[in-house]
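# Coordinate analysis (summary)
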Amino acid sequence: QVQLVESGGGLVQPGGSLRLSCAASGTIFSIYSMGWYRQAPGKQREWVAVITSGGSTNYADSVKGRFTGSRDNAKNMVYLQMDSLEPEDTAVYYCKAEVVDKRRMIRSDYWGKGTLVTVSS
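Here goes a summary of the coordinates provided. (Residues numbered from 1 in each chain as written. Predicted model: local features only at pLDDT ≥ 70, side-chain atom pairs only at ≥ 80, totals over all residues. Heavy atoms only, no water.)

Here the focus is the state of the cysteines. Summed over the entire model, instances satisfying the criterion amount to 1 disulfide. Here Cys-22 connects covalently by a disulfide to Cys-95, the sulfurs 2.1 Å from one another. Linking Cys-22 and Cys-95, the disulfide has an S-S dihedral of approximately -80° and is accordingly described as left-handed. With a gap of 73 residues between them, Cys-22 in strand S3 (residues 18-26) and Cys-95 in strand S9 (residues 91-101) connect regions that are remote in the sequence. Note on Cys-22: relative accessible area 0%, which makes it buried. (Disulfide = S-S within 2.5 Å. Helix = DSSP H or I, 4+ residues; strand = E, 2+ residues; numbered from the N terminus. Buried < 20%, exposed > 50% of the residue type's maximum accessible area, 1.4 Å probe, protein only.)

Have a look at this one:
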């Protein structure tokens with residue numbers, strides 16, 4: 001079984017920074033892309049960032065220039081550095097990973113349960 005656990009959310013003032021972390025564990029054979037999504041109150045979940053196994057990144061226009069994704073393949077970790085936070089960034093942030101489970105050797109998407117980020121003065 002594969003698990004993803006996010007951490008690092010919290011309350012921050014506008015203009016502030018937070019760093020989210022996501023740890024993947026369990027019966028992992030390999031991990032392809034890892035990424036971040038978010039869901040604001042009353043809105044649909046939206047894609048935020050993706051980090052490939054090679055370290056390439058891509059971002060939603062709404063966060064480009066403010067958020068930076070990275071990963072540590074040796075630790076099966078992915079991070080999201082969020083700077084210049086705005087109230088509109090308030091949401092539950094979810095980690096997603098494309099993982100080959102060693103039990104079945106099939107690539108599937110796995111999700112964490114999310115971590116809440118609140119940007120407010």
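There is more to say, and it comes next.
Relative to the helices and strands, Val-12 resides in strand S2 (residues 10-12). Remark: the alpha-carbon pair of Val-12 and Val-119, spanning 107 residues in sequence, is separated by 5.0 Å. Not counting chain neighbours up to four residues away, the residues in contact with Val-12 comprise Ser-17, Leu-18, Leu-85, Thr-118, Val-119 and Ser-120. (Contact = heavy atoms within 4.5 Å.)

With that settled, the discussion passes to unusual backbone geometry. A positive phi is found at Asn-76, a non-glycine position, where the angle reads about 55°. Take Asn-76: it is sitting in the loop between strand S7 (67-72) and strand S8 (77-82). The phi torsion at Met-105 lies on the positive side, around 55°, for a residue other than glycine. Mapped onto the secondary structure, Met-105 falls in the loop between S9 and strand S10 (106-111). Since its relative accessible area comes to 45%, Met-105 is described here as partly exposed.

Another aspect to go through is the packing of aromatic side chains. Per the stated rule, a full pass over the model turns up 1 aromatic pair. In this arrangement the basic side chain of Arg-107 is found over the ring face of Tyr-32, its NZ or CZ atom lying 4.2 Å from the centre. (Phe/Tyr/Trp six-rings, centres within 6.5 Å; stacked < 30°, edge-to-face > 60°. Lys NZ or Arg CZ within 6 Å of the ring centre and 35° of its normal.)

So, about the nonpolar core. Within soluble globular proteins, side chains that are nonpolar generally end up buried alongside one another. Ranked by size, the top nonpolar core spans 31 residues in total, and within it Trp-36, Val-48, Phe-67, Leu-80, Met-82 and Tyr-93 carry the most contacts. Elements that contribute at least two residues to this core include exactly strand S1 (2-7), S3, strand S4 (28-39), strand S5 (46-51), S8, S9 and strand S11 (115-119). Looking at which element gives the most residues to this core, the answer is S9, with 5 residues. (Core = buried A, V, L, I, M, F, W, Y, C linked by side-chain atoms within 4.5 Å.)

Right, let's talk about the sheet that holds S3 for a bit. Taken in spatial order, the 4 strands line up as S1-S3-S8-S7 in an open sheet, and their pairing is antiparallel. Sheet topology places S1 and S7 at the edges, where each strand pairs with a single neighbour. Here the strands of the sheet are splayed against their neighbours by 15° on average, with no regard to which way each runs. Bridge count for S1 against S3 is 6 bridges, and the pairing is antiparallel. (Pairing = 2+ DSSP bridges. Axes fitted to C-alpha atoms, helices over the stretch in contact; angles between N-to-C directions.)

From the geometry alone we can't say anything about function, so treat these as descriptive.
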